[in-house]
Structures are given as C-alpha cells and as structure tokens.
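# Residue-level structure breakdown
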Amino acid sequence: LDAPEMMPTLPPKGGVMKARLSANENPYGPSPKALKAISEAASDGFLYPFSYAGQLQKMIAEQEGVQPEQILLAPGSGSLLTAAAIHYSHIKPGGSIISADPTYESLMRAAVQHGAKWEKVPLTANDYDHNLAEMEKRVGDNTSLMYVNNPNNPTGVTIDPVALRAFVDRVSAKKPVFVDEAYIHYTSDPKKFTVIENVKKGQDVLVARTFSKIYGMAGLRLGYLVGQPDTLKAISKWGGGPGGLTMTTLRAALACYQDDEFIKYSLSKGLEAREFLYQTLKTNGYTYLPSGTNFVLFPIRMKGEDFVSRMMDQGVSIRQWKFDGQYWCRVSLGTMPQMQAFAEGLKVIS
Ligand code: PLP
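Cut-offs applied
- Residues numbered from 1 in each chain as written.
- Predicted model: local features only at pLDDT ≥ 70, side-chain atom pairs only at ≥ 80, totals over all residues.
- UniProt positions renumbered as here; feature names shortened; annotations may be inferred.
- Helix = DSSP H or I, 4+ residues; strand = E, 2+ residues; numbered from the N terminus.
- Domains from an automatic or database assignment.
- Contact = placed C-beta atoms within 7 Å.
- Near = placed C-beta within 6 Å.
- Nonpolar A, V, L, I, M, F, W, Y, C, P; charged D, E, K, R; others polar.
- Buried ≥ 20, exposed ≤ 12 C-beta atoms within 10 Å, placed from the backbone.
- Pairing = 2+ DSSP bridges.
- Core = buried A, V, L, I, M, F, W, Y, C linked by C-beta atoms within 7 Å.
- Axes fitted to C-alpha atoms, helices over the stretch in contact; angles between N-to-C directions.

### Brief notes about the UniProt feature "domain: Aminotransferase class I/classII large" (unreviewed entry) in the protein chain
- UniProt records the feature "domain: Aminotransferase class I/classII large" (unreviewed entry) for residues 19–344 in the present numbering.
- Each end of residues 19–344 is marked by a C-alpha atom, and these two atoms are 11 Å apart; helix forms 42% of the span and strand 18%.

Laid out in structure tokens, this is it:
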C-alpha cells in the first residue's frame with residue numbers, strides 16, 4: 001500500500017472533484033455481466049469460494065494455453081509483486097533486482113525492505129523505452145531478478161515485441177525475469193506484445209496480469225501470475241492462492257474474463273479518450289509519449305507540485321514525475337466528461 005499509485009487523492013479545498021485521473025482506473029468497468037454475477041454471488045457469501053478459484057484458474061489457463069498449475073491468483077497483481085519480491089529476496093539474500101527507471105516501483109520497494117538491492121537502469125534518451133541492452137549487461141552473479149514493466153508505468157511506452165522476447169530468451173537462461181503486463185490490453189495487439197510465449201517455452205519467466213485495468217475491477221481486487229509451476233508454488237508461500245479471494249470477485253471475473261464484447265467496448269472507450277487527450281495536448285502546445293496504456297505522460301512547463309495543485313484547483317487530479325531533468329504529468333483515461341474537465345483545466349493553467 002505504500003506504492004504511489006495507492007496514495008489517496010484528496011478533493012480540492014471546498015471545491016468539487018470533477019475527474020480523478022491519477023490512479024489509472026477504468027470507469028467503464030465492472031462489466032454488466034460482472035455486476036449481475038456479483039449480485040447473484042452476494043447471497044452465496046456464506047460459502048467458501050475455493051471451487052470458483054479453481055474454475056477461474058482453469059479458464060485463464062485454457063485461454064493462455066498453459067496448465068492450471070501455471071496460474072497463481074491473488075487479490076490484485078500488486079500482492080503478487082510483493083510475494084515475488086519476498087521470495088527472490090529470501091532465496092538470494094542481498095541480491096539485486098534490475099529494473100528500468102522510472103517504472104512501477106512496487107516490487108523493488110518490497111524487495112528492498114527484505115534486504116535486496118535495486119539496480120535502476122535509466123530509460124533510453126530519446127524515446128524513453130526500456131534500455132534492454134544495458135539491463136542485460138548488468139546481469140551478473142549477484143542478480144536475483146530482472147523486472148520489466150511492459151507497457152511501462154508511468155511512461156506508457158511499449159517495448160518492441162521481437163526485441164523483448166529475444167531478451168527474455170537470453171536473460172531467463174541466466175536469471176529469472178518478471179514481466180508486469182498490467183496494461184497489455186491497451187496495446188495495439190496484446191497477443192503480439194505478451195511474453196507468455198516465453199513461459200510456454202519453459203523459461204524462467206513470470207508474467208503478471210490484472211483485472212484492475214481493462215476489466216475495470218480495481219476495487220474488486222484480482223490479479224494473476226503466469227509462470228512455471230514450481231516457481232509459483234514457492235512464491236505462493238508469501239502471497240496468492242485461493243485463500244484471499246472472495247466469492248463476489250471470483251464470480252465477477254468468471255463472468256467477464258472472456259466477454260470479448262465488453263473488452264472491445266472498454267478498449268474503444270479508452271482509445272476514444274486517449275485520442276481526445278492527444279488532440280488536447282497538441283492544441284495546447286504539449287508533446288506526449290505515445291501510450292500503449294490507459295494513461296498518457298507528457299512533459300510540463302512548471303514544477304510538478306505546482307501543476308498538480310493548480311489542476312486540483314480545477315477539480316482534476318493527476319500525477320507528476322520528475323526524471324531526465326524534466327517535470328512530467330501523467331493523466332489516466334477517464335470518461336469523456338472527465339477528459340473534458342481535464343482539457344478545460346489544462347487550458348486555464350497553461
Ligand atoms: N503493475 C502495474 C504496472 C500497475 O500500474 C499496477 C497498478 O496500477 C499494478 C501492477 C497493481 O495493480 P493491481 O494490484 O490492482 O492488480
């Protein structure tokens with residue numbers, strides 16, 4: 001819960017919160033089928049839900065083309081990032097985790113609390129992509145894990161799929177690789193960009209997925225890891241498994257996981273907002289990083305803290321970063337009225 005993503009967003013003093021665009025949530029979920037399943041499941045809440053966890057594990061495994069033992073469920077992928085962090089910090093005390101910088105920090109922060117070191121490799125200079133060549137060079141005896149977030153939070157940048165799969169082929173032969181694919185559904189072709197193919201080849205790689213983004217279930221808490229059975233078993237000592245899952249969330253997930261119509265709808269609404277955001281930024285003279293996610297990062301012309309508080313005065317919450325000698329704003333994709341509120345706020349403060 002110490003991840004920046006989880007920080008509460010306070011409404012403006014005495015003002016009205018028009019748009020919460022700071023936590024990469026998806027206002028189009030949960031899907032109608034998930035909502036119906038939740039209301040039906042609620043009255044079964046007195047029953048332990050383990051059989052539903054088994055069903056979902058099987059459903060995900062079938063869709064991804066792996067065995068059910070290759071899926072580890074948990075209340076949110078965040079808890080799996082933490083469980084993996086603890087596992088790798090324990091099996092190699094004082095070992096280091098290599099990641100891009102900036103990236104989603106949860107796993108490394110948890111690992112550092114368990115004695116691991118964190119080796120940060122800056123993003124490439126011009127396109128703010130993972131510097132795979134440099135990350136690979138850093139792999140050594142003391143490496144305990146390679147963490148890759150694709151597409152990356154907070155930049156939104158997607159890694160070239162051919163380069164990433166080849167990188168995973170080589171690095172996983174030496175050290176375990178963890179690829180966090182929380183936003184993969186917002187890329188142009190999730191099947192092309194995922195490294196689940198590497199898992200299928202038996203490589204030492206873990207893929208994290210979540211129901212918090214395209215499925216709009218951030219508050220219902222569900223995520224999973226895809227990996228090798230022995231690794232998942234070892235990680236599950238620290239988190240994940242059916243114990244923390246609820247009847248309502250599991251039944252919602254079973255109802256929407258393969259609801260292609262809803263996924264298409266959710267994606268199309270996101271893409272509509274992303275296109276509007278790109279146009280808004282262009283109109284106001286801003287550049288931005290092309291995004292494969294449900295948020296967009298762009299360089300701003302004032303101190304990040306000032307930008308956040310001035311946007312908050314307009315009733316819009318966003319997040320700011322500082323890297324590469326530059327302040328940046330990250331805006332999550334909301335509904336069109338929320339994006340409109342962002343556009344109006346930006347115009348006022350620019
Ligand atoms: N991974 C990335 C890259 C994220 O951005 C987030 C949340 O925003 C998570 C993991 C955790 O998501 P959850 O715990 O909701 O599955």
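Moving on from the coordinates now.
### Observations regarding the domain arrangement of the protein chain
- Assigned domains within the protein chain: domain 1 (8–29 + 260–349) and domain 2 (32–256).
- Each of domain 1 and domain 2 has a C-alpha centre, and the two are 25 Å apart.
- Counting residues at the interface gives 21 residues for domain 1, matched by 21 residues for domain 2.
- Contributions of two or more residues to the side of domain 1 that touches domain 2 are made by helix 11 (260–283), strand 9 (295–299) and strand 11 (319–323).
- Here the element with the most residues in the side of domain 1 that touches domain 2 is helix 11; it accounts for 5 residues.

### Re the site of the ligand
- Near the ligand you find 14 residues, and of these Gly76, Ser77, Gly78, Thr210 and Ser212 are the closest.
- For the shell around the ligand, a count of residues per class yields 3 nonpolar, 9 polar and 2 charged.

### Description of the pairing of strand 7 (residues 205–210)
- Within strand 7, 6 of the 6 residues are buried, which leaves it mostly tucked inside the rest of the structure.
- Residue alternation in strand 7 divides its side chains into two sets, Val205, Val207 and Arg209 and Leu206, Ala208 and Thr210, and both sets are buried.
- Alignment of strand 6 (residues 177–180) against strand 7, held across 4 bridges, turns out to be parallel. Its bridge partner being in strand 7, aspartate 180 is matched across the sheet by alanine 208.

### Quick word on the nonpolar core
- Of all hydrophobic cores here, the largest spans 68 residues; its most connected members are Leu72, Ala84, Leu107, Tyr147, Phe178, Val207 and Leu225.
- Residues in contact with tyrosine 147, not counting those within four places in the same chain, are Ile97, Ile98, Ser99, Leu107, Met108 and Phe178.
- Listed in part, the 27 residues of the second largest apolar core include Ala100, Leu123, Val157 and Leu289.

### Things to note about the environment of threonine 194
- Tracing the backbone through its elements, the reader meets threonine 194 in the loop between helix 7 (190–193) and helix 8 (196–200).
- When the C-alpha positions of threonine 194 and glutamate 181 are compared, they lie 7.3 Å apart, and in sequence the two are 13 residues distant.
- If near-sequence neighbours (up to four positions away) are discounted, threonine 194 is found in contact with Glu181, Ile184 and Val207.

### Overview of the sheet that holds strand 9
- The strand order across the open sheet built from 3 strands is 9-12-11, with neighbouring strands paired in antiparallel fashion. Two strands in the sheet have a free side with no partner beyond their single neighbour: strand 9 and strand 11. Ignoring which end each strand starts from, the neighbouring axes of this sheet average 25 degrees apart.
- Inspection of the sheet shows strand 9 paired to strand 12 (residues 326–332) by 5 bridges, in the antiparallel sense. Along strand 12, the bridge assignment pairs phenylalanine 298 with cysteine 329.

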